[in-house]
Each structure stands twice: as C-alpha cells, then as structure tokens.
Amino acid sequence: MPITIRPAAESDLPALAALELACFAHPWSEKSLAETLGNGRSLFLLAEQAGEPLGYLGMEYVLDEGGITNVAVFPAHRRRGIADALINELLYRVKNLGLATVTLEVRENNTPAIALYQKNNFVPVGRRKNYYTAPIEDAILMTVTLTE
C-alpha cells in the first residue's frame, strides 16, 4: 500500500502531537502545534498509509528562508524512507514559496539523520553549543540552498 504525503490540517493535530510524544524528549504541545500550523508562515506535511499517520515534517518560513522545526516518524515505521520522502516533498513544495534556503538543527550524534540530510543536499554550516537537553548535546546547523 502506498505512502501518501499531504499538507497537515487542523484535524491532524492529535496525530502530530502523538508523533511529538513518541519521538522527542521535549515534545511540542498540541496547542503549540496548532498555533504554528495556523500562523500563515508554516508548512506541515503528514505522511500516512491507509489513513494511518506515519510521520510528519514541520517548517516555518520568513521572506526567502525556511527553517525545519521537526521531522518525526513513529519508531515502528522508521527505516522505510518516510523521512526522506517528507524532505523530498518539502523541497519540491518550497520552490513555489520562493525560498532561497532551508535550514535545520540536528543532534551532533544523530548520524542517521545527518546522512539523510546530506543525501538531500543539506550541508553543515555551523554548530549550536549545548542546544539540546536530555541529553545535553550540540546541534549541527545544516542548510540547503535552493537558488543559484
């Protein structure tokens, strides 16, 4: 059965909040997700299969710069290319928004995620010292340039 990726809607907020709880030490609340989803400067994509949520990606943007806030895939569905598909769909959709760059932070020891982002042309551009807690860890700042 195929995986579909579509823009998330308000009705998807419980699924997004469940993904947050399953994936992050400091999950966003459903209220925070709703505020970001409805701010007019964000794009949230939901991956699903037969109506079952598998993962999501959130991005906010200002002018020509996008910032990925979260990429989350339920643990039972990891290693199936879902995060890669979400990133590919995002990079396709942001061209219509006229963005020049998309940036994200990733834990320095999250080598699978770093490899995934590099595969999608994100390059390391900096480091944020002690950015993450539980455990304390630096973030690698990665950016993809979309315009020549």
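Now for a look at the structure at hand. Note that the structure is a prediction, hence the values are computed from the model and not measured. (Residues numbered from 1 in each chain as written. Predicted model: local features only at pLDDT ≥ 70, side-chain atom pairs only at ≥ 80, totals over all residues. Heavy atoms only, no water.)

When helices and strands are tallied, the chain shows 4 helices and 7 strands. Shown N-terminal to C-terminal, the secondary structure of the chain runs as helices and strands in the order β-α-α-β-β-β-α-β-α-β-β. Whereas a compact globule of 148 residues would reach a radius of gyration of roughly 15 Å, the chain reaches 15 Å, a difference of no more than 12%. With respect to the three principal axes, the spread of C-alpha positions in the chain is 40 × 35 × 30 Å. Each of the 148 residues in the chain was classed as buried or not, and the buried ones make up 44%. (Helix = DSSP H or I, 4+ residues; strand = E, 2+ residues; numbered from the N terminus. Rg over C-alpha atoms; globule rule 2.2 N^0.38 Å. Buried < 20%, exposed > 50% of the residue type's maximum accessible area, 1.4 Å probe, protein only.)

All right, on to the pattern of salt bridges then. Summed over the entire model, instances satisfying the criterion amount to 10 salt bridges. The partner of Arg6 in a salt bridge is Glu48, and the shortest N-O contact between them spans 2.8 Å. On the criterion of sequence distance, the pair formed by Arg6 in strand β1 (residues 4-7) and Glu48 in strand β2 (residues 42-49) is long-range, its members being 42 residues apart. Judged by its relative accessible area of 27%, Arg6 is partly exposed. Between Glu108 and Arg127 there is a salt bridge whose closest N-O contact spans 2.6 Å. Taken together, the residues Glu108 in the loop between β5 (101-107) and α4 (111-119) and Arg127 in strand β6 (residues 123-132) connect sequence positions 19 residues apart. (Salt bridge = Lys/Arg side-chain N within 4 Å of Asp/Glu carboxyl O.)

A few words now on the packing of aromatic side chains. Overall, the coordinates contain 3 aromatic pairs when judged by the stated rule. The interplanar angle of 85° and the centroid separation of 5.0 Å between the aromatic rings of Tyr131 and Tyr132 together place this pair among those described as edge-to-face. Assessed through its relative accessible area of 41%, Tyr131 is described here as partly exposed. (Phe/Tyr/Trp six-rings, centres within 6.5 Å; stacked < 30°, edge-to-face > 60°.)

Those residues of helix α2 (residues 30-37) that fall on the buried side of the exposure criterion are Leu33, Thr36 and Leu37. Axial view of α2: buried residues confined to an arc of 95°, hence all on one face. Buried positions along α2 lie against α1 (13-23), β2 and β3 (52-62). (Arc of directions from axis to C-beta. Contact = heavy atoms within 4.5 Å.)

We now examine the pairing of β5. Within β5, 5 of the 7 residues are buried, which leaves it mostly tucked inside the rest of the structure. Bridge analysis of strand β4 (residues 65-73) against β5 gives 3 bridges, and the strand direction is parallel. Paired with Gly67 across the strands is Thr103, a residue of β5. Between the parallel elements β4 and β5, the chain passes through helix α3 (residues 82-94) in a crossover that is right-handed. With 7 bridges connecting them, β5 and strand β7 (residues 137-145) associate as antiparallel partners. By the bridge assignment, Arg107 is partnered in β7 with Ala139. (Pairing = 2+ DSSP bridges. Right-handed = clockwise from strand over helix to strand, strands pointing away.)

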